[in-house]
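Examination of the molecular architecture
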Amino acid sequence: MLLRAAAIARRASPSSRALCSDAMTSTRAPKTEIQRTCDRLYEDVLRPLNLKLFGPLNSADDGQVTLPFVFLLGNHSSGKSSFINYMMGREVQTTGVAPTDDSFTIIAPGDEDTDRDGPAVIGNPDLGFSSLRAFGPNMINHTQLKVRKQIAFDDMMMVDSPGMIDSPGSVDDPLAGRGYDFSQVVKWYAERADVIFLFFDPDKPGTTGETLEVLTTALSGMDHKLHIVLNKADQFNKIHDFARAYGSLCWNLSKVIHRKDLPRIYTMCLPVGQSSSLGISDLESTRDEVVAEAKKAPVRRHENLITRLLDHAMLLKVHMGVLGAVQTNASSLHRKLWGLSLIHI
């Protein structure tokens, strides 16, 4: 499977890679001193030590993605694509009640409107997505890049994900539903993302099987950048309907988030296109807070770089501690066995 994935990635010809890079010329901001220092520490200290000790760090890691980015997750029809369009200030993603997209879509600022498929994106080492080829050809074929001009920001990207659903056999076999390990791909993006949003909507305030898997595995330990959003809250006509849906969401989340206090749930709505008499000023205010959190992605890039570097260092330290304990115990056992052999001579 890995060989097939590599073959698909190599199909991106040099010309298509060049076009992909040229379309994103404006996204290549020079690295800051903090970014250069983190890269140097990883390349000069952690990576050689990891290779020498056969450590747990991914030797094929291609570093950080070109730009800071916001990663969006959620059930289908939870409003992820509509939120992206709202953030962009123009229509980029297709929206609808039924599932409209089954790919991981990277939306980046650029000088012209350009679309690129998965092999072109993952085959270009300059963009930072090359290690996704390890998840196989189905994953590569379900990745796409959309470069758009005249959007509301030019210093970050947004990544839309397929709507999470339940499918027969997907719980027992992670490859059965999509042809690739969705949870592990989500973890890959989440580790590199600077802000993560998990969207729910009033019609489906519960957690699907994929949502359960993602919350318990892929997003574990990422509370510092994870934000939970109950979208489309303007659809409620009665306050007790809102209370019921909000309570149902809290109840379902409490089953997978094992701590006394649940994280904040942002209740918001997107503009309805006309004046509303529903009294939704609080929802609109919360929407502004969510937008503000998304725009913090470039600022949080430095914090996440340092955090990720520290996590790698601590993981390598634990690995070294285990190796040291094994070596000590092995030496002690060797001495005991040698002593016993001398006694029986």
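Higher on the page you've got the structure.
Residues numbered from 1 in each chain as written. Predicted model: local features only at pLDDT ≥ 70, side-chain atom pairs only at ≥ 80, totals over all residues. Heavy atoms only, no water.

Side chains of V318, V322 and V326 sit close together on the surface and give an oily, nonpolar patch of about 260 Å² of accessible area. Within the secondary structure, V318 is located in helix α11 (residues 297-343). For V318, a relative accessible area of 52% gives the class exposed. (Patch = residues over 30% accessible without salt bridge, like charges linked within 9 Å, V, L, I, M, F, W, Y side chains within 5 Å. Areas by Shrake-Rupley, 256 points an atom, 1.4 Å probe, with all protein chains shown as cover. Salt bridge = Lys/Arg side-chain N within 4 Å of Asp/Glu carboxyl O. Helix = DSSP H or I, 4+ residues; strand = E, 2+ residues; numbered from the N terminus. Buried < 20%, exposed > 50% of the residue type's maximum accessible area, 1.4 Å probe, protein only.)

Side chains that are nonpolar tend, in soluble globular proteins, to be buried together. Ranked by internal contacts, the top residues of the largest apolar core, which has 45 residues, are F71, F129 and Y189. Ranked by size, the runner-up nonpolar core spans 23 residues in total, among them V70, L72, F197 and Y266. (Core = buried A, V, L, I, M, F, W, Y, C linked by side-chain atoms within 4.5 Å.)

This part is about the pairing of strand β6 (residues 195-200). Across the 6 residues that make up β6, a large majority, 6, are buried. In β6, alternate side chains face the same way, and those of V195, F197 and F199 on one face and I196, L198 and F200 on the other are all buried. Alignment of strand β1 (residues 69-74) against β6, held across 5 bridges, turns out to be parallel. Bridging from a neighbouring strand, L72 pairs with F197 of β6. (Pairing = 2+ DSSP bridges.)

What follows is about the side chain of D201. Within the secondary structure layout, D201 lies in the loop between β6 and α8 (209-218). If near-sequence neighbours (up to four positions away) are discounted, D201 is found in contact with H76, S77, S78, L230, N231 and K232. (Contact = heavy atoms within 4.5 Å.)

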